[in-house]
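Residue-level structure breakdown
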Amino acid sequence: MDPNSLPDAADYLRQSENWPETLRAALSGPCLYYPGAGNDVDPAVLFANSGTVSTVVYVDYLAESFLHNFDNVFMEFERVARGTQFHNQRGQEIHTDVRGPIWRLEETGTITAADMGYPSPEAFYPNTHTWADRKGDDHPEKSVIGKWGRFHDQCGAARPLIFLYFFTEAIQTYINLWAIQGQAPLAVVIQNHSKGCLWTPFHGDSLLYAASARLPKYLYVGNLGSTPWPGYRQVSQSRTDHNSMHHSERALFQARTPFASNPNSPLNKWNGRATSLPSQRYPEFHHFKLVAPETFDRRAAPNRTPQNSRSI
């Protein structure tokens, strides 16, 4: 074969990329998870610019109802990450991120339930969902559960960043992405905004904590009626995130035993077959589905197509 007839190496890699495999790899690396995120890009900027995560995962089941042009969230992340000033409780500047990565949004696309190994979007909602208006049900593509963006650092110093935004229920999504496999993201944002259809809190001894059979190393905790999970201690100053919904003050908390088993999680008793678990301590926990994602067949998994992605 004439080497000159072969495609460019970069073109070949792009054309042969298997997107479900890329997603699985992204979620197995260091991730930031933000339940009920809205359009608050500050936590994504903090963790991405620090170089501690390679994947940002936001989730909000109201996202499609108030984010009419969803790409604006990715564009806002790109804009804010170029130079954000953070302040402590006394209003003093404690960090100016002007020499960090310069993120450029290279491409975006949609996330389907099949991409994640599940048969339908219903897998990303608990068995009862009377607590929320399912805006996503009228989505023209019924299988779509979110969008993704891939960012590259124009300075070339940072690794590429994948930003995933799910339009699904936060705790069930957390279970599907990590907990069902005994894994955890590196960090979770704990911020009760007290807006929208908040059906259960994420802070303290909550259902989200209960779903964490394995504990994340960090929590990034807001000051709006939010408290850290049991077993976490504050390790940073509080600071104001000026681009957040309520200009929240937040601080970093670290698990006393990072990535350890959570002794209070009902998932510690899961036999790998039951589709739900009763719990005396967390009576509502039985509403969550416990279904492991289907194993992807490398030969059968669809490659990313132009209909599912676009260049920016």
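Since this is a predicted model, take the numbers as computed values, not measurements.

This part covers the overall build of the protein chain. In terms of helices and strands, the protein chain carries seven helices and 13 strands. With 312 residues in all, the protein chain has 51% of them scored as buried. Taking all contacts inside the protein chain whose residues are at least 6 apart in sequence as the whole, residues at least 24 apart take part in 72%. Working note: accessible area of the protein chain is about 14,600 Å², and carbon and sulfur atoms make up 49% of it.

Turning our eyes to something else, we now look at helix H2 (residues 19–28). Buried within H2 are the following residues: Trp19, Pro20, Thr22, Leu23, Ala26 and Leu27. Within H2, the buried residues cover an arc of 160° as seen down the axis, which keeps them to one side. Next to the buried residues of H2 lie strand E1 (31–35), strand E2 (55–59), strand E5 (103–112), strand E6 (144–153), strand E7 (161–166) and helix H6 (170–177).

This brings us to the pattern of salt bridges. In the structure shown here, the tally under the stated rule is six salt bridges. For glutamate 107, the salt bridge is made with arginine 150, and the minimal N-O distance between the two is 2.7 Å. Placement of glutamate 107 in strand E5 and of arginine 150 in strand E6 is noted, with a sequence separation of 43 residues between them. The exposure class of arginine 150 is buried, given its relative accessible area of 12%.

On to the nonpolar core, then. Met116, Leu164, Phe166, Tyr174, Ile175 and Phe285 are the most contacted members of the largest nonpolar core, which has 51 residues in total. Looking at which element gives the most residues to this core, the answer is H6, with five residues. Beyond its immediate sequence surroundings of up to four residues, phenylalanine 166 is in contact with Val57, Tyr58, Val59, Asp60, Ile111, Met116, Ile145, Gly146, Thr173 and Leu177. In this structure, Tyr34, Val73, Tyr165 and Val189 belong to the second largest nonpolar core, which totals 29 residues.

In terms of burial, helix H3 (residues 42–50) is largely enclosed, as seven of its nine residues are buried. Those residues of H3 not exposed but buried are Asp42, Pro43, Ala44, Val45, Phe47, Ala48 and Asn49.

Positionally, lysine 289 belongs in the loop between strand E12 (249–255) and strand E13 (309–311). An unpaired buried charge is present at lysine 289: no salt bridge exists, and glutamate 122, the closest side chain of opposite charge, is 4.5 Å distant. Looking at lysine 289, its side chain comes within polar contact range of the main-chain oxygen of glutamate 122, at 2.6 Å. Sequence-distant contacts of lysine 289, that is, excluding residues within four places in its chain, are made with Glu122, Ala123, Tyr125, Pro126, Asn127, Gln172, Ile175, Asn176 and Thr275.

Moving on: the environment of valine 221. Within the secondary structure layout, valine 221 lies in strand E9 (residues 218–222). Look at valine 221 and you get buried, because its relative accessible area is 4%. Considered as a pair, valine 221 and glutamate 249 are 28 residues apart in the sequence and their alpha carbons are 8.4 Å apart. In contact with valine 221, other than residues within four places in its own chain, are Ile190, Ser226, Thr227, Pro228, Glu249, Arg250, Ala251 and Phe253.

Moving on, we get to the pairing of E1. Among the five residues that make up E1, five are buried, leaving the element largely enclosed by the rest of the structure. Neither face of E1 is left uncovered, since the one carrying Cys31, Tyr33 and Pro35 and the one carrying Leu32 and Tyr34 both have all their residues buried. Of the strand pairs in this sheet, E1 and E2 are connected by five bridges, and their pairing is parallel. Bridged to cysteine 31 within E2 is threonine 55. In terms of handedness, the path from E1 via H3 over to E2 forms a crossover that is right-handed.

Mapped onto the fold, glycine 117 is located in the loop between E5 and E6. A relative accessible area of 6% means that glycine 117 is categorised as buried. Separated by 97 residues in sequence, glycine 117 and proline 20 have C-alpha atoms that sit 8.1 Å apart.

Here the focus is the packing of aromatic side chains. Geometrically, a pair of aromatic rings is defined through the distance of the ring centres and the angle of the planes. Counted by the stated rule, this structure contains 18 aromatic pairs. One aromatic cluster is present, formed by Tyr34, Tyr58, Phe74, Phe77, Phe151, Phe163, Tyr165 and Phe167 through successive ring pairs.

What follows deals with the side chain of serine 226. On the secondary structure map, serine 226 appears in the loop between E9 and strand E10 (232–234). Judged by relative accessible area, which is 11%, serine 226 ranks as buried. In contact with serine 226, not counting residues within four places along its chain, are Ile190, Gln191, Asn192, His203 and Val221.

Model confidence for the protein chain is summarised by a mean pLDDT of 81, while 77% of its residues fall at 70 or above. In this model, residues 135–140 is a region of pLDDT below 50 whose contacts with residues beyond four sequence positions or in other chains number five contacts. Contacts of residues 296–312 to residues separated by more than four positions or lying in other chains number 45 contacts, the stretch itself having pLDDT below 50.

Relative to the helices and strands, methionine 75 is located in helix H5 (residues 71–81). Using a relative accessible area of 35% as the deciding quantity, one classes methionine 75 as partly exposed. With 74 residues separating them in the primary sequence, methionine 75 and glycine 149 have C-alpha atoms 9.8 Å apart.

Reading the values: the criteria
- Residues numbered from 1 in each chain as written.
- Predicted model: local features only at pLDDT ≥ 70, side-chain atom pairs only at ≥ 80, totals over all residues.
- Heavy atoms only, no water.
- Helix = DSSP H or I, 4+ residues; strand = E, 2+ residues; numbered from the N terminus.
- Buried < 20%, exposed > 50% of the residue type's maximum accessible area, 1.4 Å probe, protein only.
- Contact = heavy atoms within 4.5 Å.
- Areas by Shrake-Rupley, 256 points an atom, 1.4 Å probe, with all protein chains shown as cover.
- Arc of directions from axis to C-beta.
- Salt bridge = Lys/Arg side-chain N within 4 Å of Asp/Glu carboxyl O.
- Core = buried A, V, L, I, M, F, W, Y, C linked by side-chain atoms within 4.5 Å.
- Lys, Arg positive; Asp, Glu negative; His and termini not counted.
- Polar contact = N/O pair within 3.5 Å; in protein donor to acceptor, adjacent residues only side chain to side chain.
- Pairing = 2+ DSSP bridges.
- Right-handed = clockwise from strand over helix to strand, strands pointing away.
- Phe/Tyr/Trp six-rings, centres within 6.5 Å; stacked < 30°, edge-to-face > 60°.
- pLDDT = per-residue confidence, 0-100.

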